[in-house]
Amino acid sequence: MPRSGSRSSWAVVATAATTLTLKLALISALLPATAVAADAPDPFASNFGVYPPADSNPPPFEGPYKFRKLSHDYPAQPPERSWRDVKPEGRITVANAADYMARLKDYVAPSLRKMIEAPAQWDPASSGWYDMPWMGPADAPADYDSGRDPILGAFTGQIILGASETNSALKGDTENHTIVYYDRMAATMLGKIWKDIGKPEVDAASFPEGGLVVKAGGVAATPADWSVVDGAAIWRVYRPPLKEILDHRLHGSNAPYTLQVTDLRVMQFDIIVKDTDAAPETGWVFTTFVYDKDAPKGTGAWDQLVPLGATWGNDPQFDLYPEGHPPGTALTQFWHNPNAPAYTDATLGWGGRMSGPIDIAQRHGVILVEGVQRGQLKTDADCDSPNVRHTDVSGGFHASACLSCHGTAQSLVPARMYPSPVIASLPLDGTPFCLYTPGGPQWAQWYQNRPGDQPQLLLPALLLPAAVSTASMTALPFVRFAPNPATPVNPQAIHRALTQAPRGLDYDMLLMFAIGNAQTSSQGFTLLPKRTPVH
C-alpha cells in the first residue's frame, strides 16, 4: 500500500523566510576570516602528478604507451553529425529500449571500442572525446585516493563489499575505478561553462540535444576473486592498494600511501544521452552495458558488453510504495534486459530501478528514520538514537538508482546522493548510514522526474543552524573552504551565495564537483561538496 503524504516540493512559510533573513544578517559579523588558496591547483592538470617508475611490474600498458592527457580544447560549434541525427524518433518505451541501446552502442563503437579493449592505443582528443577540468589534482598533497591517476585518468570509486554480490561468489571486497568523457556535442556546453576557467558560468549548464556522456568502470578483483570478470578487458591504474584505502577511509589511518600499478577488469559501460524527444520528463536516457563472460566473444571484449537496461525516469507514480511499486506491477521507465547476466540482479536499485554492479545502489549498515527533517541530525550515527524513530536494517538495502542519484546535482548545497536527512559526507558502505523510510514524502523527493535545470533542494539556506556562532559557521557541513589560506574572503560573498536560488546542473554530478573545486580556488569557499569516492 502507498504511504500517505504530500509529494509536492517543500513549502516556504513566512516564518522560515523571516528566520533566514535574521540568520544571514549575522553572517558578516560572525564568520571567521577565510582565504583564497595560496597555491591554486592547475585546472587543466591531467592527474595527481606522480607517475609509475620505468621498471614497474606490471608496466602501465602492454607495449608502447602515453600517459593520458586532459582533453580540453572544447569545440565552439556542434559537430556536423551527432546522435540526434541518427537516433530513433519518438519516446523511448519498455518496448523499444532494446533497439535504442543497440543503435547507440553501434554509433559510439568506432570511437570507443579501443578505449575499452586497447587503452594504450586510444587518445580521447583525436577520438572526439573531452574531459572535465578541475578534477586532476589530489585533494591534498599525497592524497592518492583522490584526483585522477596518470595511466587512465581514472577516478577511485566505491568499495564493493563481497556481501553485496549475493548472486555471484565475490571472494572478499574490491574497488572500482572509472573514467568519464563527453562527446563533441556535449563539449560545446563545457566550452561555455568554462569560458573563464576560474569562474564557471553555471547558467550555461544545459546539455545540447544529442549530447553524450560515457562512463566506464573496472574492478580490481581478478577472475580468481570473482569469476564473472573472467575474460574481461584489462586496464591498469596507478593507485594505493585496497588495504591502504580501507585503512584510510574506514580506520582513519594517516600513514603515507604507497602506489602500485594495478590491473582492472572492465565490468560496466554507461552511455548517458540528452534526448528530450525520447524522455521529455527528465530530458535524459541512461543506458548501462555490463560484461557477460558467456556472451559471444566476437572480435573482443567490447562485444561482450551487453545491455543491463535503460532508464529515462524515476517512476514517481510509485514513490509512495515502500517496495518501490505495487506488488505485481512493473516499472514503466526502466527496461531491464531479461538476458542480462545474473550477477547484475543483486545490485539493482530501489524497487528494481536501474543501477549497475559498480554503482552501489545497495548499502549496508542502513538505519531508516521517520519524523526527521533534513539537517536535524549531524551524523549518521545520530539516527540510531533512542530519541529518533528508527529501524536498523540487517543485510543489504537497495536505496538508490541512476536518475535519483544524478538528480541531486545542483549549483549549491545539494542533497545527498541517497535519500538521507544527514548533510555530512557519505559514510563507507557497511558503517551506519541514515536514510529516510521508503514510501514517505521525504524519501519521494529523490524519486521525482525533474527537468535538468530544476534543483532537488530548493532552499538550502534554511539549513543554517538556529544559533549562529563562529564555531557553528565554520562547522557547517555545506561550506567548504580553501585548504591553503592566503587572502581573506569577503564574508559578504558567502552571504550572497546563500541567498541565491540554486539551479539544477542537468543531472551531471562530475560537473558539480568541478564547479566546487573552481569556486574554492577562485573565491576561497564553495557550497558544493568535494568529490567522494562514490561516483
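In what follows, the structure referred to is the one given above.
Let me sum up the structure you'll find in this document. In this text, all values refer to a predicted model and were calculated from it rather than measured experimentally. (Residues numbered from 1 in each chain as written. Predicted model: local features only at pLDDT ≥ 70, side-chain atom pairs only at ≥ 80, totals over all residues. Heavy atoms only, no water.)

1. Some words on the overall build of the chain
Consideration 1: Looking only at helices and strands, the chain has 11 helices and 18 strands in total.
Consideration 2: Within the chain, buried positions represent 59% of all 535 residues.
Consideration 3: Across the chain, contacts joining residues at least 24 apart in sequence account for 75% of those joining residues at least 6 apart.
Consideration 4: Total accessible area on the chain is roughly 21000 Å²; 54% of this is exposed by carbon and sulfur atoms. (Helix = DSSP H or I, 4+ residues; strand = E, 2+ residues; numbered from the N terminus. Buried < 20%, exposed > 50% of the residue type's maximum accessible area, 1.4 Å probe, protein only. Contact = heavy atoms within 4.5 Å. Areas by Shrake-Rupley, 256 points an atom, 1.4 Å probe, with all protein chains shown as cover.)

2. Quick notes on the state of the cysteines
Consideration 1: Applying the stated rule across the entire model yields one disulfide.
Consideration 2: At a sulfur-sulfur separation of 2.0 Å, the disulfide partner of C383 is C434. Residues C383 and C434 are joined through a disulfide that is left-handed, its torsion about the S-S bond being -95°. Of this pair, C383 sits in the loop between strand 12 (366–370) and strand 13 (389–392) while C434 sits in strand 15 (residues 433–436), and the two are 51 residues apart along the sequence.
Consideration 3: In this structure C402 is a free cysteine whose sulfur lies 8.1 Å from that of C405, the closest cysteine sulfur available.
Consideration 4: Among the residues examined, C405 registers a relative accessible area of 13% and is labelled buried. (Disulfide = S-S within 2.5 Å.)

3. A word on the packing of aromatic side chains
Consideration 1: What the rule picks out here adds up to 19 aromatic pairs.
Consideration 2: Seen from their ring centres, F48 and Y144 are 5.0 Å apart, and the 55° between their planes marks the pair as tilted. Taken as a pair, F48 in the loop between strand 1 (35–37) and helix 2 (83–86) and Y144 in the loop between strand 2 (129–130) and strand 3 (155–160) lie far apart in primary sequence, 96 residues in all.
Consideration 3: On the accessibility criterion, F48 (10% relative accessible area) is buried.
Consideration 4: Ring pairs connect the aromatic residues Y182, F207, W284 and F286, which therefore count as one cluster.
Consideration 5: Above the plane of the ring of Y418 lies R363, whose end atom (NZ or CZ) is 5.2 Å from the centre.
Consideration 6: For the cation-ring pair, R363 lies above F433, with the distance from its terminal atom to the ring centre recorded as 4.3 Å. (Phe/Tyr/Trp six-rings, centres within 6.5 Å; stacked < 30°, edge-to-face > 60°. Lys NZ or Arg CZ within 6 Å of the ring centre and 35° of its normal.)

4. Let's talk about the environment of H325
Consideration 1: With respect to the helices and strands, the residue H325 is situated in the loop between strand 9 (305–311) and strand 10 (334–336).
Consideration 2: Its relative accessible area of 21% is what places H325 among the partly exposed residues.
Consideration 3: Between the C-alpha atom of H325 and that of G351, which follows or precedes it by 26 residues, the distance is 6.4 Å.
Consideration 4: Other than its neighbours up to four places away in sequence, H325 contacts F318, L331 and G351.
Consideration 5: Here T329 takes part through its backbone oxygen, which lies 3.0 Å from a polar atom of the side chain of H325.
Consideration 6: In this structure the side chain of H325 is engaged in a polar contact, spanning 3.4 Å, whose partner is the backbone oxygen of G351. (Polar contact = N/O pair within 3.5 Å; in protein donor to acceptor, adjacent residues only side chain to side chain.)

5. Concerning the pattern of salt bridges
Consideration 1: Taken as a whole and judged by the stated rule, the model has 16 salt bridges.
Consideration 2: A salt bridge links D277 to K87; the nearest nitrogen and oxygen atoms lie 2.9 Å apart. Separated by 190 residues along the polypeptide, D277 in the loop between strand 7 (260–274) and strand 8 (284–291) and K87 in the loop between helix 2 and helix 3 (97–117) bring together distant segments of the chain.
Consideration 3: Residue D277 is classed as partly exposed on the basis of its relative accessible area of 36%.
Consideration 4: Measuring nitrogen to oxygen at the nearest pair gives 3.8 Å for the salt bridge that ties R503 to D203. Taken together, the residues R503 in the loop between helix 10 (491–499) and helix 11 (509–523) and D203 in the loop between helix 5 (184–193) and strand 5 (212–219) connect sequence positions 300 residues apart.
Consideration 5: Taken together, the shared-partner salt bridges in this structure form one network comprising K87, D275 and D277. (Salt bridge = Lys/Arg side-chain N within 4 Å of Asp/Glu carboxyl O.)

6. Description of the nonpolar core
Consideration 1: Counting 127 residues, the largest nonpolar core has I116, W194 and F269 as the members making the most contacts within it.
Consideration 2: With nine residues, helix 3 is the single largest residue contributor to this core.
Consideration 3: Excluding its chain neighbours within four sequence positions, the residues that come into contact with I116 are A216, A233, W235, V266, F269, W302 and L305.
Consideration 4: With 11 residues, the next largest nonpolar core counts V479, L498, F525 and L527 among its residues. (Core = buried A, V, L, I, M, F, W, Y, C linked by side-chain atoms within 4.5 Å.)

So, to be careful, I would describe these as geometric facts and stop short of saying anything about function.
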